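# What the coordinates show
Chain residues, written in single-letter form:
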Amino acid sequence: MIGVTILGSTGSVGANTLDVLARHPQRFRVIALTANTEVDLMVKQCLEHHPEFAVMADSIAAERLHDKLGATDPDIKVLSGTEGMQKVAALEQTDYVMAAIVGSAGLLPTLAAVRTGKRVLLANKESLVMAGKLFMDDVRKYNAALLPIDSEHNAVFQCMPRNFESGLHNVGVSRILLTSSGGPFRDTPLDQLHNVTPEQACAHPNWVMGRKISVDSATMMNKGLEVVEACWLFNADMNQVQVVVHPQSVIHSMVEYIDGSLLAQLASPDMRIPIAHALAWPERMESGVVPLNLFDVSRLDFEKPDQGRFPCLRLAYEAVALGGTAATILNAANEIAVQAFLDRRLRFVDIPAVIEMTLTDMSIGQASTLKQILDADQHARETASRNVMVMGRRIIQ
Ligand SMILES: NC(=O)c1ccc[n+]([C@@H]2O[C@H](COP(=O)([O-])OP(=O)(O)OC[C@H]3O[C@@H](n4cnc5c(N)ncnc54)[C@H](OP(=O)(O)O)[C@@H]3O)[C@@H](O)[C@H]2O)c1
């Protein structure tokens, strides 16, 4: 039996992972589940999947979980905080870790899994964006197996030759083409973007996801973060990663070879496919997803991304070019700006402005140590919060 810990089990990716695991009870057992504050859903998941450990990042939520489980399933050990999440990511009986916490809170628990040589199923792209070099160095140093869960990177992984780590040119690959639906505002007149609400931004046309990634998809920062992620995962230069808008979300990404071949992975937009792929790799197993019916699809469209409409994509490429802590700052500023938009303290159109101001305000440092990365993250959050207030004042005046 393969022991699996799910970091962020109450989220969209976490719940999809539990769905896939429940289809293969002879092969996997759930070792630990983690969440932040969603106690009721955690109780339900614990009663269904009987983990050894349940962790709440929030200590008050952990107390509530402890009380509730005490009455129903007292054998489950309840832990709290980042230490609790790091502990369950590193347990000896944990073979695979699904890293599905949203945002920078995922970095330390995911690194704990990497540093104990686990198979890490990486959904939490923010951890790779903020700490790319250190993260990948640790993957190699601790012999961890890193499998991408982002549907695009999972598609690229499926289309890549095995030994791509040696460099794309060495294995005959010329480019990675990351597809993007273009989000809910691909065709919205630019003057209407000022009035966009969080509800509209979270209504993705093809995917059901958590609120933060939904807003990232609407600004196309999600694709920007994915460009950074692809560079690290596939040892690619940023010029080898191109974004292609593909509104149907049927092709999840492509790999172009030097002989002109283009390999693509096609599937229904359902996260259980990349999750099942990474759990079973190098084999295949049933995911619960109905195969794509090409007669229903009927057409596939492709467009160049509109850089004017989506400045976040440009900012992400600029951060890769700057190197050092630039991507750490980009990620932190984006998290602050997106939360401010979700809290209705910032307009949708001001999200890229806050990120750009923060990148301009801060000096780019080295990102070699965890301390350097965490310091840059913290400083960027403070700077971005000030910039949110500046932009917020502009709305009120
Ligand atoms: N959703 C998708 O289809 C999809 C696709 C590709 C990649 N991803 C990536 O996967 C990650 C998760 O996305 P999601 O859509 O599943 O997010 P989500 O639905 O918002 O779930 C986030 C999970 O993280 C937990 N969490 C939030 N803040 C935390 C904190 N400070 N400390 C510890 N845990 C915390 C949440 O717990 P509570 O429920 O208690 O708040 C929840 O379990 C993101 O990095 C996203 O970019 C998602």
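For the structure itself, consult the block above.
Residues numbered from 1 in each chain as written. Predicted model: local features only at pLDDT ≥ 70, side-chain atom pairs only at ≥ 80, totals over all residues. Heavy atoms only, no water.

### Considering the layout of surface pockets
What counts, and what does not: Using a 1 Å grid laid over the protein atoms alone, points where a 1.4 Å probe fits but cannot get out form a cavity; open sets with protein on both sides within 12 Å along at least 5 of 7 lines form a pocket; any residue with an atom within 4 Å of a point counts as lining. Grid points are joined across faces, edges and corners, and a volume is the space filled by probe spheres set on the points. Helix and strand definitions follow DSSP, with helices as H or I runs of at least four residues and strands as E runs of at least two, each counted in order from the N terminus. All amino acids are sorted into three groups, where Ala, Val, Leu, Ile, Met, Phe, Trp, Tyr, Cys and Pro are nonpolar, Asp, Glu, Lys and Arg are charged, and the leftover types, Gly among them, are polar.
The space that makes up the second largest pocket amounts to roughly 850 Å³. For the second largest pocket, the lining is made up of 41 residues, of which Met136, Trp232, Leu233, Phe234 and Asn235 are closest to its centre. For the lining of the second largest pocket, the secondary structure elements donating two or more residues are helix H6 (125-141), strand S7 (145-148), helix H7 (151-159), helix H10 (221-233), helix H13 (311-322) and helix H14 (326-342). Sort the elements by how many residues they give to the lining of the second largest pocket and H6 lands first, with 9 residues. Considering only residue class, the lining of the second largest pocket consists of 26 nonpolar, 8 polar and 7 charged.

### Observations concerning helix H3 (residues 59-72)
The test is simple: In a helix, the anticipated span is given by 1.5 Å times the number of residues less one. Only protein chains enter the accessibility calculation, which uses a 1.4 Å probe. A residue is then buried if its area is under 20% of the maximum for its type, exposed if over 50%, and partly exposed in between. Each C-beta atom gives one direction from the helix axis, and the arc is the one those directions make. Contacts are residue-level and defined by heavy atoms, with any inter-residue pair within 4.5 Å sufficient. Contacts described as polar in this section are N or O atom pairs within 3.5 Å, which, within protein, must combine one atom able to donate a hydrogen with one able to accept it, while residues neighboring in sequence count only if both atoms come from side chains.
Helix length check: H3, at 14 residues, gives a terminal C-alpha distance of 20 Å against a target of 20 Å (1.5 Å per residue), a fit within 8%. Of the residues making up H3, those classed as buried are Ala61, Ala62, Leu65 and Leu69. Relative to the axis of H3, the buried residues are bounded by an arc of 95° and lie together on one face. Counted as exposed and oriented over 90 degrees from the buried face of H3: Ile60, Glu63, Asp67 and Ala71. In this structure, the buried side of H3 is in contact with helix H2 (39-49), strand S3 (53-56) and strand S4 (77-80). Backbone nitrogen of Ile60 and a side-chain oxygen of the N-cap are separated by 3.2 Å at the start of H3; the cap is Asp58.

### A closer look at the nonpolar core
To keep things clear, this is the line we draw: The nonpolar core is taken to be a set of buried Ala, Val, Leu, Ile, Met, Phe, Trp, Tyr and Cys residues, with the residues joined through side-chain atoms within 4.5 Å.
With 92 residues, the main nonpolar core has Leu65, Met98, Phe135, Ile149, Met160, Phe234 and Leu279 as its most contacted residues. Among the elements that take part in this core, H6 stands out by supplying 7 residues, more than any other. Among all residues touching Ile149, those that are not within four sequence positions of it are Val13, Met98, Leu121, Leu122, Ala123, Asn154, Met271, Pro274, Ile275 and Ala278. By size, the runner-up hydrophobic cluster in this structure holds 37 residues, among which are Ala201, Met221, Leu315 and Leu359.

### A short note on the site of the ligand
Inclusion rule: Near, as used in this document, describes a residue that has one of its heavy atoms within 4 Å of the molecule or strand being considered. Note on areas: these come from Shrake-Rupley sampling with a 1.4 Å probe, and a residue is covered only by the protein chains present in the view.
Not every one of the 25 residues close to the ligand is listed here, only the nearest: Thr10, Asn36, Thr37, Glu126 and Gly210. Within the backbone of Val102, one N or O atom sits 3.4 Å away from an oxygen atom of the ligand. A distance of 2.6 Å separates an oxygen atom of the ligand from a polar atom in the side chain of Glu126. When the ligand sits alone it has 900 Å² of accessible area, and the protein chains cover 86% of it. Elements with a contribution of two residues or more to the shell around the ligand: helix H1 (12-22) and H6.

### Here's the deal with the packing of aromatic side chains
For clarity, the cut-off: Between rings of Phe, Tyr and Trp, where Trp is taken as its six-membered ring, a pair exists when centres lie within 6.5 Å; planes separated by under 30 degrees are stacked, by over 60 edge-to-face, and by other angles tilted.
Considering all chains together, one arrives at 6 aromatic pairs under this definition. Here Phe157 and Trp281 contribute two aromatic rings whose centre-to-centre distance is 5.8 Å and whose plane-to-plane angle is 65°, an arrangement assigned as edge-to-face. Within this pair, whereas Phe157 is found in helix H7, its partner Trp281 is found in the loop between helix H11 (272-280) and helix H12 (294-297), the two being separated by 124 residues in sequence. Taken together, the aromatic side chains of Phe157, Phe164, Phe234 and Trp281 make up a single cluster linked through ring pairs.

### Description of the sheet that holds strand S9 (residues 241-245)
In plain terms, the rule: At least two bridges found by DSSP between two strands are what make those strands a pair. The axes are straight lines fitted to the C-alpha atoms, using for helices just the contacting stretch, and the angles between their N-to-C directions are given from 0 to 180°.
Pairing is mixed across the open sheet formed by 4 strands, whose spatial order is S9-S8-S10-S11. At either margin of the open sheet sits one strand with a lone partner, and together these are S9 and strand S11 (262-266). The sheet shows a mean angle of 20° between the axes of neighbouring strands, taken without regard to direction. As defined by bridge partners, strand S8 (residues 173-180) adjoins S9 across 5 bridges and the pair is classed as parallel. The residue of S9 that forms the bridge with Thr179 is Val244. In this fold H7 packs onto S8, strand S10 (251-257) and S11, with an angle of close to 40° to the strand it touches most, S10.

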